[in-house]
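Structure assessment
What follows is each chain in one-letter form.
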Amino acid sequence: MELSQVMQYIQLHQELWGNQRMLFLHEAVSNLLLNLEQGSTSDVMLNREEIRAFLM
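Everything numeric here is computed off the predicted structure, so don't read it as measured data. The numbers attached to residues start from 1 for each chain and follow its sequence in the written order. Residues qualify for local features only when their pLDDT is at least 70, as the model is predicted, and side-chain atom pairs are given and counted only at 80 or more; totals for whole chains, interfaces and linings, by contrast, use all residues. With hydrogens and water stripped out, all remaining heavy atoms of the structure feed into the side-chain values.

Re the nonpolar core
The test is simple: Side-chain atoms within 4.5 Å link the members of a nonpolar core, which is a set of buried Ala, Val, Leu, Ile, Met, Phe, Trp, Tyr and Cys residues. For each residue, the accessible area found with a 1.4 Å probe, counting protein chains only, is set against the maximum for its type, and the residue is called buried under 20%, exposed over 50%, and partly exposed in between. Counting from the N terminus, the helices are the DSSP runs of H or I reaching at least four residues and the strands are the DSSP runs of E reaching at least two. Whether two residues are in contact is decided by their heavy atoms, any of which lying within 4.5 Å being enough.
Core analysis: the largest hydrophobic core is formed by eight residues, namely Leu-3, Val-6, Met-7, Ile-10, Met-22, Val-29, Leu-32 and Ile-51. Among the secondary structure elements, those contributing two or more residues to this core are helix 1 (3-12) and helix 3 (19-39). For this core, the leading source of residues is helix 1, giving four residues. With residues near it in sequence (within four places) discarded, Leu-32 still touches Leu-3, Leu-46, Ile-51, Phe-54 and Leu-55.

Observations concerning the confidence of the model for the chain
Keep this limit in mind: As a per-residue measure, pLDDT reflects the predictor's confidence and takes values from 0 up to 100.
Residues at a pLDDT of 70 or more form 89% of the chain, whose mean pLDDT is 81. Helix 2 (residues 14-17) holds the highest mean pLDDT among the elements of the chain, 88, whereas helix 4 (residues 48-55) holds the lowest, 80.

Observations concerning the packing of aromatic side chains
Each pair of aromatic rings is reported with the distance of its centres and the angle of its planes. This is how it is decided: Each pair of aromatic rings taken from Phe, Tyr and Trp, with Trp reduced to its six-membered ring, is defined by centres within 6.5 Å and is described as stacked if the planes are under 30 degrees apart, edge-to-face if over 60, and tilted in the remaining cases.
Taken as a whole and assessed by the stated rule, the structure comprises one aromatic pair. Ring geometry for Tyr-9 and Trp-17: centres 5.8 Å apart, planes at 55°, overall tilted.

Some words on helix 1
A turn of α-helix holds 3.6 residues, and therefore any two residues three or four places apart point the same way. Heads up, the rule is: Arc definition: it is the arc formed by the directions from the helix axis to the C-beta atoms.
For helix 1, the complete set of buried residues consists of Leu-3, Val-6, Met-7 and Ile-10. Seen end-on, helix 1 carries its buried residues on one side only, within an arc spanning 100°. When the buried face of helix 1 is taken as reference, the exposed residues oriented beyond 90 degrees from it are Ser-4, Gln-8 and Leu-12.

Thoughts on the environment of Glu-27
The residue Glu-27 is located in helix 3 in this model. Accessibility expressed as a relative area gives 45% for Glu-27, which makes it partly exposed. Sequence separation of Glu-27 and Met-7 is 20 residues, and the distance between their C-alpha atoms is 9.9 Å.

Structural data, given as structure tokens:
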């Protein structure tokens, strides 16, 4: 799943997961996207395993 799709997935499951969990996940994904954007200006790129580890 692409990171942009994750935000939609979180929104779809808001009622099931509750507001606190949804806000936590939304913040985590937002931070990850920001880190990836900032990292795009450097030579460091995260692979899928590193992204998954970050989210866990």
